[in-house]
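Below, each chain spelled out in residue letters.
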Amino acid sequence: MEHVKRKFAAEIGGTFTDIIYFQEKDGRSVLETLKVASTPAQPEQAVIEGADKLIPEWSDMGEMLHGSTVATNAVLERKGVKSALLVTEGFADVLEIQRGDKENVYDLFYQRRKPIIPRNMVYPVTERVTADGDVLKALEEDQIRSIAQELKREDVKSVGICYLHSYAFADHEARTKEILEKELPNAIITASYEILPQFREYERSSTVAITSYIAPVMVNYIEKLYEDLKHRNFKGEIFITQSNGGIIPMGALRKEVARTLLSGPAAGVTGAAFMARQLGIHNIITLDIGGTSADVCLVNNGEPLVSTENKIDGSAIAVPMLDIVTVGAGGGSIAWLDNGGMLQVGPRSAGAIPGPACYDRGGDQPTVSDALAYRGFIRPEHFAGGNYPLNVENARHVMAELADQVHASPDEVAEAVIRIMEANTMQAVRLVSTERGYDARQYTMVAFGGGGGLHAANIAQELGITNVLVPCYAGILSSFGLLVADVIRDYVQTHVTRCTDTTPEMLREQFSQIQEHAADNMVSYGFDREKIIFKYAVDARYLGQAFELQLDFDEIPESAGKLAEVFHEKHLARYGCNSPDNDVEIVNYRLKTVIPQDNQLLESMKYNAKTDRYDTTCSKVLVDGEWIDCDFYTWSNLPQDARIQGPAVVEDDTTTCFIPKNWIGLLQDNGSLLLKREEN
């Protein structure tokens, strides 16, 4: 990717759409930011509205970097296109059977979500190969042509192909795709060997089915957005955020659309890791609190944890995604009473429309934002830079109504709502850290999103975390993450062997084959082969185990013996036990290709103080049952090396940060605030 002087990033959230406009002026970076209300019915409208307010001239705009929930919403709301799936004869029920288990074994009325492609649109095909790639039954091409004619009559827009063991022998899928593209020229055809050549037929079939279902929706959305931008004389390229934290060019979207699912939180993790790295912090727990949810991710040595065991709306999706845990705990989370009269917060949200009551857009249910406005932490004239003045009287009204229901005072209820929301978020932090063998106390929490800075110190204190970083641009860090994200593409190939039977030459051969294919792909997207960085990994397990651990390497492992040693260590760290005398089995070979962004200007970003003295105002806030005096600071007016003693609130156009008693806030060189807990 060539260095560009102007680019902009747009990230669509459930409540707000965040825009960042980057320019290079006189050898330094200039960033302009804006939050606009999201438009869920037509997401691109908010992007265009925000861009038009910030960008006067488009002709020399180099890139647009875009993150959206369009693909995810298409699955959750079942608004994809009419699709079909071709599978090996005998496996037509694979989407119905799934893994044959129950997600909740105690639910007597448990029902699985219906598959994304119904059973009557799954077509069995006569063909069969072994797990070693030997042909047992040849492909019946006339059957494929007959199915194609039926799909044409059904007006099918997208077709997926997933044959058993196609990861070992791809010719049948490749030939099927060739025939279907000829017979159905207007349909999008997706073959599993191209996007996920790995074993486990259900996960692969489900990933292909989801890709087929949403590919036309996402492609049409991006093409429409691109046309709107071209009318403004935009001549650059659009890059789309992925769930692995990287970006891909628009031209790769047809094959890679599944990698955009659940991608919204990923860009924020990328931005958080970038900001922390600037300050020499490499082990972090990210906390992104927005309007509808809180998203938590653990980052070790600058690398976020990745998972390939993912689900969306009950369907498996096996592409690599950042291992992010999400809970329904955001500013719009609604406070309500359950059947037992207990106060609950979330996961239902007021969303962008009508939003919390204090937004004054017709919302009439109490939310986390209403509790914060009631307690004085978010002030009407400063919220979102003053662009969305709040109506605190509405917040007081809904808190009073809720208080009547629970027979408590509004003050008690407002604090209880926040405590419950923060307790729910703590569970997510424990899940990504303690429950996976990591000590949260050894990490710095990086809090962002519109509400991250308001809750982070309280959550950190309960978990024993002593350092919290609230980055500059915290409220729009997901958009900032798009600016600094690298182009990333993940590849995988199943090849099962025992470590004792795997020679160094076999390791090099497997990785070399994937690497050659990956390099050709990246070059076809217009990237320079010489700029590609390769990162290596394998999925391994003890012989007889059903699931694997991923082992990451900067270089191709020297030997399978060394690989086995790493596996024993990781198994011990993850599960508290290992079996060094047992055979280790390699299952999948993984390769990550990275095209690094030129972030030199953003790396050198410095905070430019406008004053050498503190400019504060005093206001009342509700803390621990008392209305206390609290100093309010404007983030952009802090002096260099500012030191802020809690309790205090620091306000910015896109976020607010609360520094509790016994915490101090230290302004960093890049404009971020580092909160430190003082020893008692």
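Keep in mind it's a predicted model, so treat the numbers as computed, not measured. (Residues numbered from 1 in each chain as written. Predicted model: local features only at pLDDT ≥ 70, side-chain atom pairs only at ≥ 80, totals over all residues. Heavy atoms only, no water.)

**Student:** Mind showing me how you'd approach the overall build of the chain here?
**Tutor:** For the chain, the helix and strand inventory stands at 17 helices and 35 strands. Over its C-alpha trace the chain gives a radius of gyration of 26 Å, about what one expects of a compact globule, namely 26 Å for 680 residues. For the chain, the C-alpha atoms occupy an extent of roughly 80 × 60 × 55 Å along the three principal directions. Within the chain, the proportion of its 680 residues that are buried is 56%. (Helix = DSSP H or I, 4+ residues; strand = E, 2+ residues; numbered from the N terminus. Rg over C-alpha atoms; globule rule 2.2 N^0.38 Å. Buried < 20%, exposed > 50% of the residue type's maximum accessible area, 1.4 Å probe, protein only.)

**Student:** What am I meant to see in the sheet that holds strand 9 (residues 158–162) here?
**Tutor:** Strands belonging to one sheet form pairs held by backbone hydrogen bonds; the direction of such a pair is parallel or antiparallel. Strand order in the open sheet formed by 4 strands is 6-5-9-10, and the pairing between neighbours is parallel. Edge positions in the sheet fall to strand 6 (122–125) and strand 10 (188–191), since each has one partner strand and no second. Strand-to-strand twist across the sheet, computed as the mean angle between neighbouring axes with direction ignored, equals 20°. Packed onto the sheet, helix 7 (residues 201–230) meets strand 5 (83–88), strand 9 and strand 10 and runs at close to 165° relative to strand 9. (Pairing = 2+ DSSP bridges. Axes fitted to C-alpha atoms, helices over the stretch in contact; angles between N-to-C directions. Contact = heavy atoms within 4.5 Å.)

**Student:** Would you explain the nonpolar core in this entry?
**Tutor:** For soluble globular proteins, the rule of thumb is that nonpolar side chains tend to be buried together. Among the nonpolar cores identified, the biggest contains 217 residues, and Phe8, Leu86, Leu151, Met445, Phe480 and Leu483 are the most heavily contacted of them. When residues in this core are grouped by element, the largest group, 14 residues, is from helix 7. (Core = buried A, V, L, I, M, F, W, Y, C linked by side-chain atoms within 4.5 Å.)

**Student:** It is not clear to me how the packing of helix 11 (residues 392–406) against helix 12 (residues 410–432) should be interpreted in this structure. Could you clarify?
**Tutor:** Two quantities define a packed helix pair, namely the angle between the helix axes and the distance between the axes. Where helix 11 contacts helix 12, the two axes come as close as 8 Å, and the packing angle between them is 95°. Between helix 11 and helix 12, the angle is such that the two are roughly perpendicular. Listed contacts from helix 12 to Met399, Ala400, Leu402, Ala403 and Val406 of helix 11 are Pro410, Val413, Ala414 and Val417. Residues that form the contact of helix 11 with helix 12 fall into these classes: 9 nonpolar, no polar and no charged. (Parallel < 35°, antiparallel > 145°, perpendicular 65-115°, else oblique. Nonpolar A, V, L, I, M, F, W, Y, C, P; charged D, E, K, R; others polar.)

**Student:** Is there a simple way to explain the domain arrangement of the chain in this structure?
**Tutor:** By convention, interface size is frequently given as the accessible area that disappears when the constituent parts associate. What the domain assignment reports for the chain is domain 1 (6–74 + 219–259), domain 2 (76–217), domain 3 (263–329 + 421–482), domain 4 (333–419) and domain 5 (487–596). One C-alpha centre belongs to domain 2, the other to domain 5, and the line joining them spans 27 Å. Each partner contributes residues to the interface: domain 2 has 7 residues there, and domain 5 has 11 residues. Taken together, both faces of the contact between domain 2 and domain 5 bury some 730 Å²; the carbon and sulfur share is 44%. The tally of links between domain 2 and domain 5 comes to 1 salt bridge. A salt bridge links Glu548 to Arg200, with the nearest nitrogen and oxygen atoms 2.8 Å apart. Counting every contact that joins domain 2 to domain 5 gives 6 residue pairs in polar contact (both at pLDDT 80 or more). By residue class, the composition of the side of domain 2 that touches domain 5 is 4 nonpolar, 1 polar and 2 charged. (Domains from an automatic or database assignment. Buried area = accessible area lost by both parts, 1.4 Å probe. Salt bridge = Lys/Arg side-chain N within 4 Å of Asp/Glu carboxyl O. Polar contact = N/O pair within 3.5 Å; in protein donor to acceptor, adjacent residues only side chain to side chain.)

**Student:** How should the pattern of salt bridges be read in this particular structure?
**Tutor:** It is possible for side chains of opposite charge to pair when their charged atoms get near one another. Evaluation of the coordinates by the stated rule reveals 37 salt bridges. Between Glu141 and Arg175 there is a salt bridge whose closest N-O contact spans 3.0 Å. One end of the pair, Glu141, is in helix 4 (residues 141–153); the other, Arg175, is in helix 5 (residues 171–183), with 34 residues separating them in the sequence. What makes Glu141 partly exposed here is its relative accessible area of 29%. A salt bridge links Glu256 to Arg259, with the nearest nitrogen and oxygen atoms 2.6 Å apart. The pair formed by Glu256 and Arg259 is uniform in burial state, with each residue classed as buried.

**Student:** Help me out: how do you make sense of unusual backbone geometry in this one?
**Tutor:** Backbone geometry follows two general trends: most residues other than glycine have a negative phi, and most peptide bonds adopt the trans configuration. Here the bond from Gly346 into Pro347 is cis, since omega is 0°, no more than 30 degrees from zero. Along the polypeptide, Pro347 turns up in strand 22 (residues 343–349). Each neighbour pair has its own omega, and for Gly646 with Pro647 the value is 5°, a cis peptide bond. If you trace the backbone, Pro647 turns up in the loop between strand 31 (643–645) and strand 32 (648–651). Despite not being glycine, Arg200 has its phi angle at roughly 75°, a positive value. By the element assignment, Arg200 lies in the loop between helix 6 (192–195) and helix 7. The exposure class assigned to Arg200 is buried, which follows from its relative accessible area of 18%. Phi at Asn233 is positive, roughly 75°, even though this residue is not glycine. Assignment of secondary structure puts Asn233 in the loop between helix 7 and strand 11 (237–241).

**Student:** How do you make sense of helix 11 when you look at a structure like this?
**Tutor:** Spacing of three or four residues puts side chains on the same side of an α-helix, whose turn is 3.6 residues. Taking 1.5 Å of rise per residue, the 15 residues of helix 11 would be expected to cover 21 Å, and the 21 Å separating its terminal C-alpha atoms lies within 8% of that figure. By the burial criterion, the buried members of helix 11 are Val392, Ala395, Val398, Met399, Leu402 and Ala403. Projection of helix 11 onto a plane perpendicular to its axis shows the buried side chains occupying an angular sector of 145°, all on one side. Sitting at the head of helix 11, Asn391 places a side-chain oxygen 3.1 Å from the backbone nitrogen of Glu393. Of the residues flanking the end of helix 11, it is His407, one or two places downstream, whose phi is positive at about 60°. (Expected span 1.5 Å × (residues − 1). Arc of directions from axis to C-beta.)

**Student:** When you look at the pairing of strand 11 in this model, what are you seeing that I'm missing?
**Tutor:** The two faces of the sheet receive side chains in turn, since in a regular strand these alternate between them. Burial analysis of strand 11 places 4 of its 5 residues in the buried class, the great majority of the element. Pairing geometry for strand 4 (residues 63–67) and strand 11, over 4 bridges, is parallel. Opposite Met64, over in strand 11, you have Ile238 as the bridge partner. Strand direction decides the pairing type here: strand 11 and strand 12 (residues 247–249), joined by 3 bridges, are antiparallel. Across the sheet, the residue bridging to Ile240 is Ile248, located in strand 12. Taking the residues between adjacent antiparallel strands as the criterion, strand 11 and strand 12 are bridged by 5 residues, where Gly245 takes a positive phi near 95°.

**Student:** What is the right way to read the side chain of Thr241 from this model?
**Tutor:** On the secondary structure map, Thr241 appears in strand 11. Those residues in contact with Thr241, other than ones at most four positions away along the chain, are His66, Gly67, Ser68, Gly246, Ile247, Thr260, Ser263, Ala267 and Leu482.

**Student:** Looking at this structure, I do not really get the packing of helix 4 against helix 5. What am I missing?
**Tutor:** At their nearest, the axes of helix 4 and helix 5 sit 10 Å apart, and the two run at 40° to each other. Between helix 4 and helix 5, the angle is such that the two are oblique. The hand of the helix 4/helix 5 crossing is right-handed. Packed against helix 4, whose contacting residues are Glu141, Ile144, Arg145, Ala148, Gln149 and Lys152, the element helix 5 presents Arg175, Thr176, Ile179, Leu180 and Glu183 at the interface. (Left-handed = near helix turned anticlockwise from the far one by under 90°.)

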